[in-house]
Amino acid sequence: MNYSAVKTSACTYLGFYGALDNASYDLLDGCLDEILKIHRFRHIEKYYGEAPEFLNKQPYTDYLSGAEGLYLCAMTLGAEVDIHVRRLMCTDMPRAVVCDACASALLEQLSDEYESKLAERVSYRFCSGYGGSSVEDIKPIFRELKPERIGMELLPSGLIAPQKSMAGVVAVGKDEKKSCRNCMLLEKCQFRREGVTCYKSETK
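A.B. asks: I'm lost on the overall build of the chain in this one. Help?
C.D. replies: What the chain contains, in helices and strands, is seven helices and six strands. Secondary structure elements of the chain occur, N-terminal to C-terminal, as α-α-β-α-β-α-α-β-α-β-β-β-α. Counting all 204 residues of the chain, 42% fall into the buried class. Long-range pairs, those at least 24 residues apart, make up 75% of the contacts in the chain with a sequence separation of at least 6.

A.B. asks: Looking at this structure, how should I read helix α4 (residues 79-91)?
C.D. replies: Helical geometry: 3.6 residues make up each α-helical turn, so side chains three or four residues apart lie on a common side. The terminal C-alpha atoms of α4, which comprises 13 residues, lie 19 Å apart, in line with the 18 Å expected from a rise of 1.5 Å per residue. Taken together, the buried positions of α4 are occupied by Val 81, Asp 82, Val 85 and Leu 88. For α4, the angular spread of the buried residues around the axis is 130 degrees, confining them to a single face. Of the exposed residues in α4, those oriented more than 90 degrees away from the buried face are Arg 87, Cys 90 and Thr 91. Here the buried face of α4 lies against α2 (22-38) and α5 (93-116).

A.B. asks: Quick question: what am I supposed to make of helix α1 (residues 3-14) here?
C.D. replies: Over its twelve residues, α1 runs 17 Å from end to end, which matches the ideal 16 Å to within 8%, given 1.5 Å per residue. Within α1, the full set of buried residues consists of Val 6, Lys 7, Ala 10, Cys 11 and Thr 12. Immediately downstream of α1, the backbone of Gly 15 shows phi near 85 degrees, a positive value.

A.B. asks: Help me out: how do you make sense of the pattern of salt bridges in this one?
C.D. replies: When the charged atoms of two side chains lie near each other, side chains of opposite charge can form a pair. The final tally for this structure, using the stated rule, is eleven salt bridges. Ionic pairing is found between Lys 7 and Asp 29, a salt bridge with its closest N-O pair at 3.1 Å. Of this pair, Lys 7 sits in helix α1 while Asp 29 sits in helix α2, and the two are 22 residues apart along the sequence. Linking Glu 115 and Arg 125 is a salt bridge whose minimum nitrogen-to-oxygen distance equals 2.7 Å. Here Glu 115 is found in helix α5, whereas its partner Arg 125 is found in strand β3 (residues 122-127), with ten residues between them in sequence. Residue classification places Arg 125 among the buried residues on the basis of a relative accessible area of 2%. Salt bridges linked by common partners bring Glu 108, Asp 112, Glu 115 and Arg 125 together as one network.

A.B. asks: Whenever I open this one, the packing of aromatic side chains confuses me. Can you help?
C.D. replies: For any pair of aromatic rings, the description consists of the separation of the ring centres together with the inter-plane angle of the planes. For the structure shown, the criterion picks out seven aromatic pairs. Judged by centre distance (6.5 Å) and plane angle (40 degrees), the rings of Tyr 124 and Phe 126 are tilted. Here Tyr 124 matches Phe 126 in class, with each residue buried. One aromatic cluster in this structure is built from Tyr 60, Tyr 63, Tyr 124, Phe 126 and Tyr 130.

Conventions adopted
Residues numbered from 1 in each chain as written. Predicted model: local features only at pLDDT ≥ 70, side-chain atom pairs only at ≥ 80, totals over all residues. Heavy atoms only, no water. Helix = DSSP H or I, 4+ residues; strand = E, 2+ residues; numbered from the N terminus. Buried < 20%, exposed > 50% of the residue type's maximum accessible area, 1.4 Å probe, protein only. Contact = heavy atoms within 4.5 Å. Expected span 1.5 Å × (residues − 1). Arc of directions from axis to C-beta. Salt bridge = Lys/Arg side-chain N within 4 Å of Asp/Glu carboxyl O. Phe/Tyr/Trp six-rings, centres within 6.5 Å; stacked < 30°, edge-to-face > 60°.

Rendered as C-alpha cells:
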C-alpha cells in the first residue's frame, strides 16, 4: 500500500493542500495509523463476458464501450471503522473528521489496488451515481453480488452500511483513467474551484 498516497488523498478530502504544520502532520499520521489497525478490508466480485441487462443504458454503455468484459465489485473497510469514528464524534470531533478522511482515502487506495489485480488491463471504477447514472442502480448490483456476505447492507435510503463501503463496475480490457468530464458534480465541484481533483489523475 502507498502510505504517502493515502495521506495525500486524505488531505485532499480535508481541503488541505501544500505542507502541513507539525501538529497537523502528527494528527494525520496518528489517525491513519488508527484506521490501519482496525479496518477489515473485504471485497467480492463477479465477472461478466457481457453486460447484465441493467447496464445496457447510458452512461454505462459509453463506459463499457470497447471492453472485453466487466466485473461487478463491492468493497468495505468494515463496521469497525464506522464505530471508531462515531465514538470519536462524542469525544474528539477534530480527530473524528481526520479519521473519517483517512478511512475514505484508505478505502479508495485498497480498492484501486485490489481492482488492478483483477485483469491485466482495467478501467477506473464506475459507481452508481457517476456520470449522471442513477443511484438506484446500486440495487441490482447488490442483487447480483450479495455483498451481505462480506458485511455490507443496502439501507432503505439507498445508502450503504458500513459507511466506508462502495460498489460499482470495472471494465476489463481497457485502461481509461478517472476524469471530471462526466461527473454530475462538475459544475459545483469545490475541488476544481481550488485547482485540484478528488483523485490522482493526469486528466481533468
